[in-house]
Each structure stands twice: as structure tokens, then as C-alpha cells.
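Read off the chains here:
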Amino acid sequence: MKPDLQNKWMEAELGTFEEGSPQQAPQPAAKPSGIAGVWDFVYAIARIVMSLAFALHGAQKLIGLFGGGPIQPDSTMLSMGLLEFIGGVALALGIYTRPIALLLCVEMAWVYYKLCTPGTIWPIPNNGEFPALFCALFLFLAALGPGNISLDRMKRRA
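Thresholds applied
Chains are numbered independently. Their residues run from 1 in the order of the written sequence. Given that this is a predicted model, residues contribute local features only at a pLDDT of at least 70 and side-chain atom pairs are listed and counted only at 80 or more, while totals for whole chains, interfaces and linings are drawn from all residues. Excluding hydrogens and water, the side-chain figures rest on all heavy atoms present in the structure. The numbering of helices and of strands both runs from the N terminus, where a helix is a DSSP run of H or I of at least 4 residues and a strand a run of E of at least 2. Three exposure classes are used, based on accessible area relative to the maximum for each residue type with a 1.4 Å probe and protein chains only: buried under 20%, partly exposed in between, and exposed over 50%. Contacts are assigned to residue pairs that have any heavy atoms within 4.5 Å of one another. Angular values range over 0 to 180 degrees, each being the angle between N-to-C directions of two axes fitted as lines to C-alpha atoms, with helices fitted over their stretch in contact. Put simply, a crossing is left-handed when the front helix is turned counterclockwise from the back one by less than a right angle, and right-handed when it is turned clockwise. Each cavity reported here is a set of points on a 1 Å grid over the protein atoms alone in which a 1.4 Å probe fits but cannot get out, each pocket an open set with protein on both sides within 12 Å along at least five of seven lines, and each lining residue one with an atom within 4 Å of a point. Grid points are joined across faces, edges and corners, and a volume is the space filled by probe spheres set on the points. Residue classes follow a fixed rule: Ala, Val, Leu, Ile, Met, Phe, Trp, Tyr, Cys and Pro count as nonpolar, while Asp, Glu, Lys and Arg count as charged, and any other residue, Gly among them, counts as polar. We score Asp and Glu as negative and Lys and Arg as positive, and we do not count His or the chain ends. What counts as a salt bridge is simple: a side-chain nitrogen of Lys or Arg found within 4 Å of a carboxyl oxygen of Asp or Glu. In this scheme, roughly parallel covers angles under 35 degrees and roughly antiparallel covers those over 145, while 65 to 115 is roughly perpendicular and the rest are oblique. In this description, the term disulfide denotes a pair of cysteine sulfurs within 2.5 Å.

Q: It is not clear to me how the overall build of the protein chain should be interpreted in this structure. Could you clarify?
A: Looking only at helices and strands, the protein chain features 6 helices and 0 strands. In the protein chain, which comprises 158 residues, the share counted as buried stands at 28%. For the protein chain, the proportion of contacts with a sequence separation of at least 24, taken over those separated by at least 6, is 58%.

Right under this line is the structure:
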């Protein structure tokens, strides 16, 4: 087989190049701005479900929903219940997602450290799975933001 010294294969693939007229590479088709992709829906559903599950823990502490009694007049538990309920609902709606998620991540790290680590750092013996998972979830939400299906993004588009 003889080598292609005149680069005919390149002309067949890319077209001819004429001096003085620069060629542009073909541009990919742009995604329409009003259409959300599958990832946007999956991310929004995950954010909403996990945030509302967290808000339910706050409602349990505040008003005794779902088998828990209302909390005693303790300022720490009251503030945690308010943070969990209001923060969970705000994250589900996608309002101020990054600062609220960071605040809730710090709260869950504090809960894990304060309540779930006596004797061992591992989460299983001390029922620390939920604080650890919620801490990781909120760190993830703080890093990625609200996603395209949220009130923050709708407010920006308007």
C-alpha cells in the first residue's frame, strides 16, 4: 500500500482548504433553553424527596408528627427542629439551596459528632447512619446547587 502524500483522505473527510478563507468546525446542535433534560428531572426528584424526608424529622421534633412527641422546651432541640423543618422545605422548593444546604450539613455533622460518636466513630453501633447520610447529601447539594428545576432558577430566568 502506498502512502497518501497528498493527503487526499483529509480532503475527503474535512473538505478542501483554500488559503485566505478559514473553515469553521461544525457546531453541535444547541439544546433548547426551555426544555429540561432527564438529569434535571432526576436531580429535582431526588432533591425534593430527600429534603422532605428531612423536613419530616423537623416536624416530628416540633409538633410530634409521626410517632414522636413534641420536644421539651429545650433551645437546642427547638432550633434543630426549626432548622430541619424550614430548611428541608426550602431545599425541596429550591430556595437559597447552597447556603441552606451548607448550614444543614454543618448541623448534621454536629449531630453526628455530639450524639453518635460516644465510644466509636463508626455509625452503625450508635444509630448514626441518618446523620451521616444527610450530612453527605447536604454537602452534595451545597456543591451542585439547586439544579434547573427549582425556584432559584425560575427567579433567575424571569
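Q: Looking at this structure, I do not really get the environment of methionine 77. What am I missing?
A: You can see methionine 77 is positioned in helix α3 (residues 75–93). Overall, methionine 77 belongs to the partly exposed group, its relative accessible area being 29%. When the C-alpha positions of methionine 77 and lysine 61 are compared, they lie 7.4 Å apart, and in sequence the two are 16 residues distant.

Q: Teacher, can you tell me more about the packing of α3 against helix α4 (residues 97–115) here?
A: Packed helices, taken two at a time, are described by their axes: the angle between them and the distance between them. Relative orientation of the contacting elements α3 and α4 amounts to 140°, with a least axis distance of 10 Å. Every pair of crossing elements has a handedness; the one defined by α3 and α4 is left-handed. The residues of α4 that touch α3, namely those facing Thr76, Met80, Leu83, Glu84, Gly87, Gly88, Ala90 and Leu91, are Thr97, Ile100, Ala101, Leu103, Leu104, Glu107, Met108, Trp110 and Val111.

Q: What exactly am I supposed to notice about the layout of surface pockets here?
A: Where empty space is left can be seen by rolling a probe of water-molecule size over the atoms. The computed volume of the largest pocket comes to approximately 230 Å³. When contributions to the lining of the largest pocket are tallied by element, the ones reaching two or more residues are α2 (38–63), α3, α4 and α5 (129–144). Its residues assigned to classes, the lining of the largest pocket shows 10 nonpolar, 2 polar and 2 charged.

Q: How should the side chain of glutamate 107 be read in this particular structure?
A: Along the polypeptide, glutamate 107 turns up in helix α4. Of the side chains bearing the opposite charge, lysine 61 lies closest to the buried glutamate 107, which forms no salt bridge; the N-O distance is 6.0 Å. Not counting the four nearest positions on each side in its chain, glutamate 107 is found in contact with Phe54, Met80, Leu83 and Glu84.

Q: Could you clarify how one ought to interpret the packing of α4 against α5 in this entry?
A: Packing of α4 against α5 leaves a shortest axis separation of 8 Å and a crossing angle of 155°. Viewed along their axes, α4 and α5 adopt a mutual orientation that is roughly antiparallel. Read as a crossing pair, α4 and α5 show a hand that is left-handed. Counted together, Thr97, Arg98, Ala101, Leu102, Leu104, Cys105, Met108, Ala109, Val111 and Tyr112 of α4 and Pro131, Ala132, Phe134, Cys135, Phe138, Leu139, Leu141, Ala142, Ala143 and Leu144 of α5 form the full contact between these two elements. A breakdown of the residues in the contact of α4 with α5 according to their chemical character gives 18 nonpolar, 1 polar and 1 charged.

Q: I tried to follow the state of the cysteines on my own but got confused; where do I start?
A: This model, assessed by the stated rule, comprises 0 disulfides. Cysteine cysteine 105 remains unbridged, with the sulfur of cysteine 135 as its closest cysteine sulfur at 3.6 Å.

Q: It is not clear to me how the pattern of salt bridges should be interpreted in this structure. Could you clarify?
A: Where charged atoms from two side chains of opposite charge come close, those side chains can pair. Taken as a whole, this structure holds 1 salt bridge when the rule is applied. A salt bridge links glutamate 84 to lysine 61, with the shortest nitrogen-to-oxygen separation between them at 2.8 Å. With a gap of 23 residues between them, glutamate 84 in helix α3 and lysine 61 in helix α2 connect regions that are remote in the sequence. By relative accessible area, which is 2% here, glutamate 84 ends up buried. Owing to a relative accessible area of 18%, lysine 61 belongs among the buried residues under this scheme.

Distances and angles like these do not, on their own, reveal function.
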